Amino acid sequence: MNNILDIGGYLDIDKIRHWEGEIMIKQNCLFCNVANGSMDSATIFENSEFKVVLDPYPAAKGHTLIIPKEHIENIYELDTESASRLFALATHIAKVLKSIYNCDGLNILQNNGEAAGQTVFHFHMHLIPRYNNDNVKIKWETIKIEKEELDAIAKEIASRL
């Protein structure tokens, strides 16, 4: 079974200007093609900045993707104003999904970099309705960190904010 994330050719590094404005897109980026409408999608919302679509290979019914129209590779390239609008949109959509599907929970998932599981290198956020005893697994094994090391890590991070 072909997963949408396995489609090749979307990592072309040549950037072009979107013909409708100043939105930067990558010519062969899967999510740029979804966002600009040249690839079919089950669109549930669209404005000048974002396109919201149903994931065609969902983890659960209502699994939604929020995709910026501008090619932004990951969270490190996302400006805080866009992030604020994106999360406001995610909050609204999450409430709609809860009202429609009466889900027991909802995961908001966003991966950055191959080591974190990012397979399409265009920023996108997953909203996944969850149910008690469903088959969705988002899990990791915890590590042990002593209090002194935890405090040192907190101090280092806080010093750079």
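You'll find the structure just up there.
Residues numbered from 1 in each chain as written. Predicted model: local features only at pLDDT ≥ 70, side-chain atom pairs only at ≥ 80, totals over all residues. Heavy atoms only, no water.

## Remarks on the overall build of the protein chain
Consideration 1: Helices and strands together make up the secondary structure of the protein chain, namely three helices and seven strands.
Consideration 2: Its helices and strands taken in sequence order, the protein chain reads β-β-α-β-β-β-α-β-β-α from the N to the C terminus.
Consideration 3: The 161 residues of the protein chain split such that 34% are buried.
Consideration 4: A separation of at least 24 residues holds for 52% of the contacts in the protein chain among residues at least 6 apart in sequence.
Consideration 5: Of the roughly 10,700 Å² of accessible surface on the protein chain, a fraction of 53% belongs to carbon and sulfur atoms. (Helix = DSSP H or I, 4+ residues; strand = E, 2+ residues; numbered from the N terminus. Buried < 20%, exposed > 50% of the residue type's maximum accessible area, 1.4 Å probe, protein only. Contact = heavy atoms within 4.5 Å. Areas by Shrake-Rupley, 256 points an atom, 1.4 Å probe, with all protein chains shown as cover.)

## Side note on the pairing of strand β7 (residues 125-130)
Working note: regular strand, side chains alternate between the two faces of the sheet.
Consideration 1: Taking burial as the measure, the six residues of β7 include six buried ones, the bulk of the element.
Consideration 2: Residues of β7 alternate between two faces, with M125, L127 and P129 on one and H126, I128 and R130 on the opposite face, all of them buried.
Consideration 3: Where strand β5 (residues 64-68) lies against β7, three bridges are found, and the strand directions are antiparallel. In the strand pairing of β7, T64 is matched with L127.
Consideration 4: Direction of pairing for strand β6 (residues 105-109) relative to β7: antiparallel, over a ladder of five bridges. (Pairing = 2+ DSSP bridges.)

## Details of the environment of E73
Consideration 1: For E73, the location among the structural elements is in the loop between β5 and α2 (80-101).
Consideration 2: Taking the C-alpha atoms as reference points, E73 and N112, separated by 39 residues in sequence, lie 8.3 Å from one another.

## Focus on the nonpolar core
Side chains of nonpolar character tend, in soluble globular proteins, to be buried together.
Consideration 1: Residues I66, L86, L89, I93, M125 and L127 are the most contacted members of the largest nonpolar core, which totals 14 residues.
Consideration 2: Considering every element that reaches this core, the biggest residue donor is α2, with six residues.
Consideration 3: For I66, the residues in contact, after removing those within four places along its chain, are F50, K51, V52, L86, L89, A90, I93, F123, H124, M125 and L127.
Consideration 4: Ranked by size, the runner-up nonpolar core spans 10 residues in total, among them C32, V34, A35 and L65. (Core = buried A, V, L, I, M, F, W, Y, C linked by side-chain atoms within 4.5 Å.)

## Comments concerning the state of the cysteines
Consideration 1: Counted by the stated rule, this structure contains zero disulfides.
Consideration 2: Counting only cysteine sulfurs, C29 is the nearest neighbor of C32, a cysteine outside any disulfide, at a range of 3.8 Å.
Consideration 3: The buried category is assigned to C32, whose relative accessible area is 1%. (Disulfide = S-S within 2.5 Å.)

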